[in-house]
Structures are given as structure tokens and as C-alpha cells.
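Understanding the architecture of this molecule
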Amino acid sequence: GHENNSLAKSPMEESNLSANTVMDHPRAITDKIALIRDAGPSKFQVIADFDATLTRYRVNGLRGQTSHGLLQQGNAYYDAKRQALYDHYHPLEISPVIPVDEKTKLMEEWWSKTHELLIEGGLTYDAIKKSVADSSIAFREGVTELFEFLEKKEIPVLIFSAGLADVIEEVLRQNLHRTFKNVKIVSNRMVFNDDGQLVSFKGKLIHVLNKNEHALDMAAPLHDRLGVATGEEDEENANMKKRTNVLLMGDHLGDLGMSDGLNYETRISIGFLNDNIEKSLESYREAFDLVYLNDAPMWGALELVSQLFSTEA
Ligand code: TMP
């Protein structure tokens, strides 16, 4: 139960801006709920960003880590080299003056160099496990319950990230203490050799600027990603595209693009506004159906999907 939280109320009834909370757009959302409910769970999917959306923005008062940020190769030389790349490229990533085509090239450069260093430095899967165990990364409260509800309803969850799929999966394993068969990670995926050493990455590089453009096409590792496709994957991808109602969750306005590959019918969007609240609140309210502030838990999202597909339905 989560009755100790103010969000246990329907998010639609809640519109104050107190400590950990919600703001909503009652406007369209009631209609959307009715449409999605009528179409049923087989038409529905959840698409979520990972860092600072499913995970907390702050952990114990400090900025929580990302899948890239937490990774320690156990080799000080390579860890320092990746940090130097971060110090160089991160300011470029967030620069408001670099044109997008130029920035895209820079991000490709950054991601390629980082991936090269991980390979060159002989990253092992054991180092990933240890890094995750030592990391300060934490899920928002209620993520497990949300995933469990969706699993029971056989509703798929696609997690998109420009980070590292193998690290994210280890974070899920260690922090949620179980795996979910309905949860799929679309991110940069590693290939290890028999000695457990990283030798390459699979498919197309996913960086911050292309993650949202092609997210759904990358969802199933089809021909263009791997050069192979099993019948199962083809079927899976086709099924995802038939799920034309979507709950989208992200922490950047750009995350709204995650559903672009889908010709969606009805979309409810949740924005988690973590930083620069004063400055960004208005644009987030405009862009998202619901906005959650201050590392709000997932109870609002759980409440929403429960309303959509209550057990009686
Ligand atoms: P995302 O998780 O929101 O999709 O974005 C990934 C973040 O990872 C992005 O903000 C930049 C960061 N990053 C690092 O911290 N270190 C790296 O080596 C690389 C390539 C990215």
C-alpha cells in the first residue's frame, strides 16, 4: 500500500505544488483515459527514459549516477581518460548555442571514443557488477510495483537510454531484486568474449541526440541492428507497433520524441522535472500531460495505469 502518500489520490484530483508533487492537465487527460481503457491492455505500452526518470535525480542529497557515470573499469588510467572525455564533451552536450547537426557529430565522437576506451581497457562483466554494487543509483519509489502491475497485465515496458544496456540491466537486477519479462532495454549493448571481456558493441550507436529519433526502430534488434533477425523478434516488433496507445515518461522535453517511431493513437505523457524548476515549469506543463517534481515517486503513474486497467475491467 502507498496510502501514506498524497499521490494515493487520483493525480487528476491533485493539483497542488507541494513538496513531492504533481501538477496536472485535467483538460485532455480524462478523455485520453477513457479512450485507452476502452481499447484495452493489448493496445497499450509504456515507453520510459532511464536516467532521472526511472531512477532518482538525487540520491542522499547528491546527484544520482547514470549508467555511464557509475562505471569503473577497475583501471585508473582508462577511468581517467573517460572522465577527461566527459569534462570535454559534457559542456558541449548542454550548450544552447551549438547547432544540432554539429552537436550530433560531437556526440557521435564522444560515444565512439568512450566505447573504444571501454574495449581497449578490457572491461569485464565482473567490473560492471562491482560498479553497480558500489554506485549511488536508486530507483524512484514505486518502480517495482509499477512494473509488477504491468507484468500482470502483460503490458510491455520499453526503456530507452543513450547509456549502456548491460549496466542498466545489472542496475535492475541488483536494485529491484528480480527481472521482468515485460521489460526491455533499448540502449548500447555490449558483446563479451568467453573470458568475460568486452570486445565490441552491437548495432547502431545510440547517443543523446539520436536516441529519440529512432527509438522504436531500435526496439527490436532487427536486420539493420544486428544483421540477423529471428522470427520471434520480427513478431515482437510488429506487436509493439500494434500497441498504439502509450504512456510515455521522460525527464527532458526531447524525450517526447521517444514515441515518434510509433504511429500512436492516444498518448499520455508524464514529465519528471528535476532541475531548473522555476525556469522550466511552464514549458513542461505545456508539453506533458502530467508533471512531477522533486524526485516524486511512481505512485502517480501506478495510480494512472490502475485506473486504465483496473482488475474489474
Ligand atoms: P540518457 O541516459 O539520458 O539517455 O543519456 C546518457 C548520458 O550519459 C548523457 O547525458 C551523457 C552521459 N555520458 C557520460 O556520462 N559518460 C560518457 O562516457 C558518455 C558517452 C555519456
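For the structure given in this document, a descriptive report is provided here. Residue positions within a chain follow its written sequence, with the count starting from 1. The predicted nature of this model means local features are confined to residues of pLDDT at least 70 and side-chain atom pairs, given and counted, to a pLDDT of 80 or more, with totals for whole chains, interfaces and linings taken over all residues. The side-chain numbers reported here are obtained from all heavy atoms of the structure, hydrogens and water having been left aside.

1. Comments concerning the pairing of strand E7 (residues 198-202)
If a strand is regular, its side chains alternate between the two faces of the sheet. In this description, strands pair whenever DSSP reports at least two bridges between them. Elements are defined by DSSP. Helices are runs of H or I of four residues or more, strands are runs of E of two residues or more, and each kind is numbered from the N terminus. As defined by bridge partners, strand E6 (residues 183-192) adjoins E7 across four bridges and the pair is classed as antiparallel. When the sheet's bridge partners are listed, Val191 is paired in E7 with Ser200.

2. Description of the layout of surface pockets
A 1.4 Å probe that fits but cannot get out identifies a cavity on a 1 Å grid over protein atoms alone, an open set with protein on both sides within 12 Å along at least five of seven lines counts as a pocket, and a residue lines either if it has an atom within 4 Å of a point. Grid points are joined across faces, edges and corners, and a volume is the space filled by probe spheres set on the points. Looking at the largest pocket, its volume works out to about 1800 Å³. Lining the largest pocket are 46 residues, with His90, Glu93, Ile94, Val208 and His252 sitting closest to its centre. Contributing elements (two or more residues each) for the lining of the largest pocket: helix H2 (76-93), helix H3 (100-120), strand E5 (157-164) and helix H9 (277-287). No other element matches the six residues that H2 contributes to the lining of the largest pocket. A class-by-class count of the residues in the lining of the largest pocket yields 14 nonpolar, 20 polar and 12 charged. Each pocket or cavity is described by its volume, and for the second largest pocket that value is around 380 Å³. Along the wall of the second largest pocket there are 16 residues; nearest its centre are Glu154, Pro156, Lys181, Asn182 and Arg243. At the level of elements, E5, E6 and helix H8 (231-242) are the ones that each hand at least two residues to the lining of the second largest pocket. Looking at the lining of the second largest pocket element by element, the count peaks at four residues for H8. Following the grouping adopted for this structure description, the nonpolar residues are Ala, Val, Leu, Ile, Met, Phe, Trp, Tyr, Cys and Pro, the charged ones are Asp, Glu, Lys and Arg, and the polar ones are all others, Gly among them.

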